[in-house]
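# Notes for the structure review
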Amino acid sequence: MNNFNELLLAVMLLTCLMMAVSSRLLHCIRIVAVQGIILGLLPLTLASAQGGDHSIFMASVNLLLKGIILPYLLYTAMCKAQIKRELEPVIGYSLSAVIVLLMAIFSFFVADKLGMPSGSVRIASIAIPASFTLVMTGLFVVIARKKALTQVIGFLVFENGITLFGAAAMREHPWIVELGILLDVLVLVFIMGIAVNQINRAFSHIDSDQLNQLDDMPEKEEVR
């Protein structure tokens, strides 16, 4: 079981790198779906490895919401907004891959300095830095990408990192906290899906970076 857990966590780290180099929104949505499926399996496998009870309810919630519902909502928003690619990111994809690799290395360095939770130290030594990598990758995507929908995906990756940390380090009733976070994410996707659709109807693009150029001040000639 330990080997299977390590394989899942390795795939989770790989998804961070894939997210950094992917320009197609559909690929990013599929990556988030894969993360959701892994997060649906980890509460069961980690609990077994640490000698705890199987958290079937938590696994079902993660699998249903993170692996199916949220990716479907993102796909629907993408289709309604009629966008497929992130064409002009703030940071290029090659440099993004290097940054994510450096963040992963930094996460393992920080996790090595922290005390591991009781139980399987071998699993925790991978799960905790993997969760840190997810959190930083999500924040990086929010900052380094311009499309509003891509930034929503980055937020979901960030929340997946929090969920992974909870599955690895929290022992007593983590599902109560997770339900509140999942509800916030669900509402966020609904709101952002509507916002993206409305922005696409009003403007020829949904580049959030262009919002910085909005100006309510009239021109000098108009004032005169």
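Residues numbered from 1 in each chain as written. Predicted model: local features only at pLDDT ≥ 70, side-chain atom pairs only at ≥ 80, totals over all residues. Heavy atoms only, no water.

With that settled, consider the packing of aromatic side chains. One pass over the structure, following the stated rule, counts 1 aromatic pair. Arranged with centres 6.2 Å apart and planes meeting at 35°, the rings of F155 and F158 form a pair that is tilted. Residue F155 and its partner F158 are located together in helix α6 (residues 148-169), separated by 3 residues, close to a single helical turn. With a relative accessible area of 23%, F158 lands in the partly exposed category. (Phe/Tyr/Trp six-rings, centres within 6.5 Å; stacked < 30°, edge-to-face > 60°. Helix = DSSP H or I, 4+ residues; strand = E, 2+ residues; numbered from the N terminus. Buried < 20%, exposed > 50% of the residue type's maximum accessible area, 1.4 Å probe, protein only.)

Moving on to a nonpolar patch on the surface. A surface patch of nonpolar side chains, about 530 Å² in accessible area, is lined by F4, L7, V11, V34, I37, L41 and L63. Tracing the chain through its elements places L7 in helix α1 (residues 2-21). (Patch = residues over 30% accessible without salt bridge, like charges linked within 9 Å, V, L, I, M, F, W, Y side chains within 5 Å. Areas by Shrake-Rupley, 256 points an atom, 1.4 Å probe, with all protein chains shown as cover. Salt bridge = Lys/Arg side-chain N within 4 Å of Asp/Glu carboxyl O.)

Looking at soluble globular proteins, one finds that nonpolar side chains tend to be buried together. Core analysis: the biggest nonpolar cluster contains 36 residues, and M19, L42, L74, L149, I153 and L164 have the highest contact counts within it. For this core, the elements supplying multiple residues, two or more each, are α1, α2 (25-49), α3 (56-81), α4 (93-113), α5 (121-144) and α6. Among the elements that line this core, the one with the most residues is α2, at 8 residues. Not counting residues within four places of it along the chain, the set of residues in contact with L164 comprises L9, M12, L39, L42, A127, A130, S131 and L134. (Core = buried A, V, L, I, M, F, W, Y, C linked by side-chain atoms within 4.5 Å. Contact = heavy atoms within 4.5 Å.)

Moving on, we get to the environment of M136. Position of M136 relative to the elements: it lies in helix α5. Residue M136 is classed as partly exposed on the basis of its relative accessible area of 22%. Separated by 21 residues in the primary sequence, M136 and V157 have C-alpha atoms spaced 8.9 Å apart. If near-sequence neighbours (up to four positions away) are discounted, M136 is found in contact with M103, F106 and S107.

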